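# Chain and residue survey
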Amino acid sequence: MCENNINNSSKNYLDNVINKPYEYGFYTKVDSEYFPKGLSIKIIKLISKNKKEPKYLKEFRLKAYNKWIKMKEPEWGNLFYNSINYNNILYYSIPKNKKNIKSLQDVDPEILKTFEKLGISLDEQKKLSNVAVDAVFDSVSITTTFKKELAASGVIFCSISEAIKLYPNLIKKYLGSVVPIGDNFYSALNSATFSDGSFCYIPPNTSCPLELSTYFRINNKESGQFERTLIVADHDSNVSYLEGCTAPQFDNNQLHAAIVELVALDNATIKYSTVQNWYSGNSRGEGGIYNFVTKRGMCIGNNSKILWTQVETGSAITWKYPSCILLGNNSIGEFSSIALTNHYQQADTGSKMIHIGKYTRSKILSKGISAGNSINNYRGLVKMSPKASYSRNYSQCDSLILSNKSQANTFPYIQVKSPYCQVEHEASTCKIGEEQIFYFLQRGISIDDAIGLMINGFCQEILNDLPMEFAMEADRLLNLKLEGTIG
């Protein structure tokens, strides 16, 4: 292109890219350091340096990186996607005006507007009496509400970066204790690059007085998101944690590789709920998030309990299997999930229940809905160790197919090494029939409303497990995602 054909706006843009590359997605600037795309030992050291991390955490990252470069990306999933160029990702990106944030008044107004458009008004949430929110924007915690109110009960709820500085003993004890850095390809990548996330500690004999919530947002087109969540419930405590997430509509794919670690000690209960609405790509399969997440809870104590409830409606690709390791005697793990795929989405999701202690119990309830040209897989593992005497599992996997071109697959794996255990598994696959649609149409109900009613009935058992606000959001999302699917 010749000089005369470049208009003034193009000139300004090119000048800005050259002079301020970090503001245009090519680099991110933190403390006068420039972070190029790609991953190397130098980048990891820069991340650790700019976050002012202790030596042990820098070594934690470097050890993870050295494991990651020797590992291969898993290929066993029933997923089909273009290979990821890990050197074309920005691993550290922070919003402008992140520094010196001490309250909501210090947060960039544009960021607050973004959350308000998503229905997550941080200012409004601050006034509520039942929900504390940690807002994570491009892998960086922007603000956490109600910290003082929670502290009055001894509850710690803050960003994991803050916890590293203020509560080093807890972090050193529990970080990587449930998901080791070399557990899988994506856990090693996250352990090397995680920049922020949420930390929660419930002290002994405490019932958390508020619902805790984290809302994740990927806003930078060039960056991935590698947040980390760590929740520890000490003995005789309980907590309910809610997670939401979203991303803008870009025509390229972005990578989300997170880790969630839950630790439940004696008589502790953790309830973890997720409504996942990352961008899933357009109707032609262009764009969308690659969602490769490792979520695992460990019931270390006797009579401990971990309850997972999740609704998956977003992401172009989803690879996620929330798991429970039932180590303590009489511990309980439950997993309830709705996974909806439409257009060209692909989901390979499920759960793992690993029974080690005696008299342990687990339950898996999975609902898969396939539409368009999508692929929806349930992949589950139930394992009874030789010492898990008198333990029991019940699994139910139901699939609903809305299109002749979509797929619904179930891959259960059951391993029982104790003769004193009981394992039950049942699965069903069905399709909405013409007579059902005709029944609704005869009563003046539109096709979209009819589909919504049937989907709601199909998923009701799981929606009932969600807190009211999340259940309403999930119901709206399910109906929104399926508009125009039939007809």
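- As annotated in an unreviewed UniProt entry, the chain carries the name Iron-sulfur cluster assembly SufBD family protein ycf24 and comes from Thaumatella adunca.
- UniProt lists a comment for the chain under the heading Sequence similarities (unreviewed entry), and it reads "Belongs to the iron-sulfur cluster assembly SufBD family."

### Details of the pattern of salt bridges
- A full pass over the atoms with the stated rule returns nine salt bridges.
- A salt bridge links Glu286 to Arg284, with the nearest nitrogen and oxygen atoms 3.0 Å apart.
- On the basis of relative accessibility, which here comes to 58%, the residue Arg284 falls in the exposed class.
- Between Asp348 and Arg379 there is a salt bridge, with the nearest N and O atoms lying 2.8 Å from each other. Here Asp348, found in strand S18 (residues 346-349), pairs with Arg379, found in strand S21 (residues 375-384); they are 31 residues apart in sequence, far enough to count as distant.
- For Asp348, a relative accessible area of 0% gives the class buried.

### Examining the pairing of strand S15 (residues 317-320)
- Of the two faces of S15, the one carrying Ile317 and Trp319 and the one carrying Thr318 and Lys320 are both buried.
- Of the pairings in the sheet, the one linking strand S13 (residues 288-299) to S15 comprises four bridges and is parallel in character. The partner of Asn291 across the bridge, within S15, is Thr318.
- Sheet topology places S15 next to S18; four bridges connect them, and they run parallel. Across the sheet, Thr318 pairs through a bridge with Ala347, a residue of S18.

### Examining the packing of aromatic side chains
- Applying the stated rule across the entire model yields 21 aromatic pairs.
- Taking 5.6 Å as the distance between ring centres and 40 degrees as the angle between the ring planes, the aromatic pair formed by Tyr81 and Phe292 counts as tilted. With Tyr81 in the loop between helix H3 (55-68) and helix H4 (109-117) and Phe292 in strand S13, this residue pair connects regions lying 211 residues apart in the sequence.
- With a centroid separation of 6.5 Å and 25 degrees between ring planes, the pair formed by Tyr167 and Phe199 is classed as stacked. One end of the pair, Tyr167, is in the loop between helix H7 (160-166) and helix H8 (168-174); the other, Phe199, is in strand S6 (residues 197-202), and 32 residues separate them in sequence.

### Structural notes on the packing of helix H10 (residues 434-442) against helix H11 (residues 447-463)
- It is the contact of H10 with H11, at a shortest axis distance of 9 Å, that shows an interaxial angle of 120 degrees. With respect to H11, the axis of H10 lies oblique. Crossing of H10 over H11 shows right-handed handedness. The segment H10 lies against H11, with Gln436, Ile437, Phe440 and Leu441 engaging Ile447, Ala450, Ile451, Leu453 and Met454.
- Of the residues that constitute the contact of H10 with H11, the class distribution is eight nonpolar, one polar and no charged.

### Points about the environment of Gly38
- Mapped onto the elements of the fold, Gly38 is located in the loop between strand S2 (33-35) and helix H2 (41-50).
- The exposure class assigned to Gly38 is buried, which follows from its relative accessible area of 4%.
- Residues Gly38 and Asn88 lie 50 residues apart in sequence; the distance between their C-alpha atoms is 5.5 Å.
- With residues up to four places along the chain from it excluded, the contact list for Gly38 reads Ile43, Tyr86, Asn87, Ile89 and Tyr91.

### Quick word on the nonpolar core
- With 52 residues, the main nonpolar core has Tyr86, Phe199 and Leu255 as its most contacted residues.
- With six residues, the top contributor of residues to this core is H3.
- Ignoring sequence-local partners within four residues, the contact set of Tyr86 consists of Gly38, Leu39, Trp68, Glu73, Tyr91, Phe185, Tyr186, Leu189 and Leu255.
- Within the second largest apolar cluster, 33 residues are counted, among which are Leu150, Phe157, Tyr378 and Ala388.

### Describing the side chain of Gln396
- Mapped onto the fold, Gln396 is located in strand S22 (residues 392-401).
- For Gln396, the residues in contact, after removing those within four places along its chain, are Ile364, Leu365, Ser366, Lys367 and Glu426.

### Quick notes on the environment of Asn205
- Relative to the helices and strands, Asn205 is located in the loop between S6 and strand S7 (211-217).
- Residue Asn205 is classed as exposed on the basis of its relative accessible area, which comes to 59%.
- For the pair Asn205 and Ala233, spaced 28 residues apart in the sequence, the C-alpha separation amounts to 9.7 Å.
- Discounting residues that sit within four places of it in the chain, Asn205 has contacts with His235, Asp236 and Ser237.

### A closer look at a nonpolar patch on the surface
- A cluster of nonpolar side chains, contributed by Tyr359, Tyr390 and Tyr420, occupies part of the molecular surface with about 370 Å² of accessible area.
- Structurally, Tyr420 can be placed in the loop between strand S23 (407-416) and strand S24 (422-431).

### Let's talk about H2
- Inspection of H2 places Ile43, Ile44, Leu46, Ile47, Ser48 and Asn50 among the buried residues, and these make up the whole buried set.
- Residue Lys52 follows H2 closely and has a positive phi angle near 55 degrees.

### So, the pairing of strand S19 (residues 352-355)
- Side chains Met353 and His355 of S19 all project onto a buried face; the interleaved residues Lys352 and Ile354 project onto a face where none is buried.
- Of the strand pairs in this sheet, strand S16 (residues 323-326) and S19 are connected by four bridges, and their pairing is parallel. In the strand pairing of S19, Leu326 is matched with His355.
- Two strands pair when backbone bridges link them, and S19 and S21 are joined in this way by four bridges, in the parallel orientation. Looking at the pairing, Met353 lines up with Val382 of S21.

### Quick look at the confidence of the model for the chain
- Overall, the prediction assigns the chain a mean pLDDT of 80, with 76% of residues at 70 or greater.
- Ranking the helices and strands of the chain by mean pLDDT puts S19 first, with 98, and helix H1 (residues 8-19) last, with 36.
- Note on residues 96-108: pLDDT under 50 across the span, and 22 contacts to partners over four residues away in sequence or across chains.

What counts, and where the lines are drawn
- The residue count restarts for each chain, going from 1 along the sequence in the order it is written.
- Given that this is a predicted model, residues contribute local features only at a pLDDT of at least 70 and side-chain atom pairs are listed and counted only at 80 or more, while totals for whole chains, interfaces and linings are drawn from all residues.
- Only hydrogens and water are removed before side-chain values are computed, so all heavy atoms of the structure are retained for them.
- UniProt positions are given in the numbering used here, feature names are shortened, and annotations may be inferred rather than shown by experiment.
- Whenever a carboxyl oxygen of Asp or Glu lies within 4 Å of a side-chain nitrogen of Lys or Arg, that contact is scored as a salt bridge.
- Each residue's exposure class comes from its accessible area (1.4 Å probe, protein chains only) as a fraction of the maximum for that residue type: buried when under 20%, exposed when over 50%, partly exposed otherwise.
- To qualify as a helix, a DSSP run of H or I must reach at least 4 residues; to qualify as a strand, a run of E must reach at least 2; elements of each kind are numbered from the N terminus.
- Each pair of strands is called paired provided DSSP finds at least two bridges between the two strands.
- We call Phe, Tyr and Trp rings a pair once their centres come within 6.5 Å, taking the six-membered ring for Trp, and we label the pair stacked below 30 degrees between planes, edge-to-face above 60, and tilted otherwise.
- Here an axis means a line fitted to C-alpha atoms, over the contact stretch when the element is a helix, while the angle between two N-to-C directions is reported on a 0 to 180 degree scale.
- Working rule for angles: under 35 degrees goes down as roughly parallel, over 145 as roughly antiparallel, 65 to 115 as roughly perpendicular, anything else as oblique.
- Here a crossing is called left-handed whenever its near helix is offset anticlockwise from the far helix by less than a right angle, and right-handed whenever the offset is clockwise.
- Working rule for contacts: check all heavy atoms of both residues, and any pair within 4.5 Å makes them a contact.
- Note that Gly is not counted as nonpolar here; it falls among the polar residues with everything else outside the nonpolar set of Ala, Val, Leu, Ile, Met, Phe, Trp, Tyr, Cys and Pro and the charged set of Asp, Glu, Lys and Arg.
- Here the nonpolar core consists of buried residues drawn from Ala, Val, Leu, Ile, Met, Phe, Trp, Tyr and Cys, with membership extended through side-chain atoms lying within 4.5 Å.
- Each patch is built from residues that are more than 30% exposed by relative accessible area and take part in no salt bridge. Like charges join if they lie within 9 Å; nonpolar side chains (Val, Leu, Ile, Met, Phe, Trp, Tyr) join within 5 Å.
- Here the open area of atoms and residues is found with the Shrake-Rupley method and a 1.4 Å probe, where only the protein chains shown may cover a residue.
- pLDDT runs from 0 to 100 and stands for how confident the predictor is about each residue.

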